[in-house]
Amino acid sequence: EPEVTQTPSHQVTQMGQEVILRCVPISNHLYFYWYRQILGQKVEFLVSFYNNEISEKSEIFDDQFSVERPDGSNFTLKIRSTKLEDSAMYFCASKFGQSASGNTIYFGEGSWLTVV
Amino acid sequence: GEDVEQSLFLSVREGDSSVINCTYTDSSSTYLYWYKQEPGAGLQLLTYIFSNMDMKQDQRLTVLLNKKDKHLSLRIADTQTGDSAIYFCALATYNTDKLIFGTGTRLQVFP
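My aim in this report is to walk through the structure given alongside it, one point at a time. What you see is a predicted model; the values in this text were computed from it and never measured.

**Overview of the pairing of strand 6 (residues 55-58) of chain B**
Argument step 1. When strand 6 of chain B meets strand 7 (residues 61-66) of chain B, the two strands line up antiparallel, connected through four bridges. Opposite Q57(B), over in strand 7 of chain B, you have T62(B) as the bridge partner.

Okay, structure coming up:
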């Protein structure tokens, strides 16, 4: 079964450093997302991306965050200058479309980011 | 904004049925999903239901949707120890593309 893959699975970084989290969505999917889950808390929406632009973003997704689809397969989340409170599991997700059959959203295994 | 709540814990004996509940506030939900998260792992899609349905069955899983009461449930028949995990309900609404997740219910299955 096709799946969303994420790298790295775990990254430790120093406060203030830039981090790039990578995702390969399912190949025919058109909508891409990043979510995060701080330890012990709810899964929170960060950003959605369609047709090479951000379609929606949350309050969390401030100027420190950016997303990019540099080629036909990868979807990246960049955190420009990490803070301690950015420590979380970051999930990439994708779906095919907006129709009834295409609205199933698949998540990757997550990238666990620890900021020290 | 939308608020989605779940009970935090559920403990069942192996072989019994489990019922995990989810309540929400926004009546404009379109798709309602159930995800499973095992320790240290990602979010595995279990099943979903469209808002014009009342029930959906998929092998051991039965999803019930009561739109009037804004209540969603997931029933797992013949619960196994491998079903032990955190279960999240998540909702999508008409005016947004994002999912709103519940707090998650930790299901523990004991022999």
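**Here we look at the state of the cysteines**
The bond known as a disulfide is covalent and runs between the sulfur atoms of two cysteines.
Residues and elements named next belong to chain A.
Argument step 1. On inspection of all chains with the given rule, the structure shows two disulfides over all chains.
Argument step 2. The disulfide partner of C23 is C92, and the S-S distance across this bridge is 1.9 Å. Linking C23 and C92, the disulfide has an S-S dihedral of approximately -65 degrees and is accordingly described as left-handed. Taken together, the residues span a long stretch of sequence, with C23 in strand 3 (residues 19-24) and C92 in strand 9 (residues 88-95) at a distance of 69 residues. Assigned by exposure class, C23 and C92 land together as buried.

**A few points about the sheet that holds strand 7 of chain B**
Sheet strands associate in pairs through backbone hydrogen bonding, adopting either a parallel or an antiparallel arrangement.
All names here are of chain B.
Argument step 1. The sheet built from five strands is open, its strands ordered 1-3-8-7-6 with antiparallel pairing. For this open sheet the edge positions go to strand 1 (4-6) and strand 6, each flanked by a neighbour on one side alone. Across the sheet, the mean angle from the axis of one strand to that of its neighbour is 15 degrees, orientation sign disregarded.
Argument step 2. Where strand 3 (residues 18-24) and strand 8 (residues 71-76) come together, six bridges link them in antiparallel fashion. Each residue of the ladder has a partner; that of N21, found in strand 8, is S73.

**Here's the deal with unusual backbone geometry**
Residue and element names in this part refer to chain A.
Argument step 1. Note the cis peptide between T7 and P8, where omega equals -10 degrees.
Argument step 2. Mapped onto the secondary structure, P8 falls in the loop between strand 1 (5-7) and strand 2 (10-13).
Argument step 3. Unusually for a residue other than glycine, N51 sits at a positive phi of about 55 degrees.
Argument step 4. Within the fold, N51 resides in the loop between strand 5 (43-50) and strand 6 (53-57).
Argument step 5. Taking relative accessible area as the criterion, N51 reaches 60% and is therefore assigned exposed.
Argument step 6. In this model, N52 sits at a positive phi of 65 degrees, which is unusual for a non-glycine residue.
Argument step 7. Counting through the fold element by element, N52 comes out in the loop between strand 5 and strand 6.

What counts as what
- Residues numbered from 1 in each chain as written.
- Chains lettered and ligands numbered in written order.
- Predicted model: local features only at pLDDT ≥ 70, side-chain atom pairs only at ≥ 80, totals over all residues.
- Heavy atoms only, no water.
- Pairing = 2+ DSSP bridges.
- Helix = DSSP H or I, 4+ residues; strand = E, 2+ residues; numbered from the N terminus.
- Disulfide = S-S within 2.5 Å.
- Buried < 20%, exposed > 50% of the residue type's maximum accessible area, 1.4 Å probe, protein only.
- Axes fitted to C-alpha atoms, helices over the stretch in contact; angles between N-to-C directions.

That is the geometry; function is a separate question.
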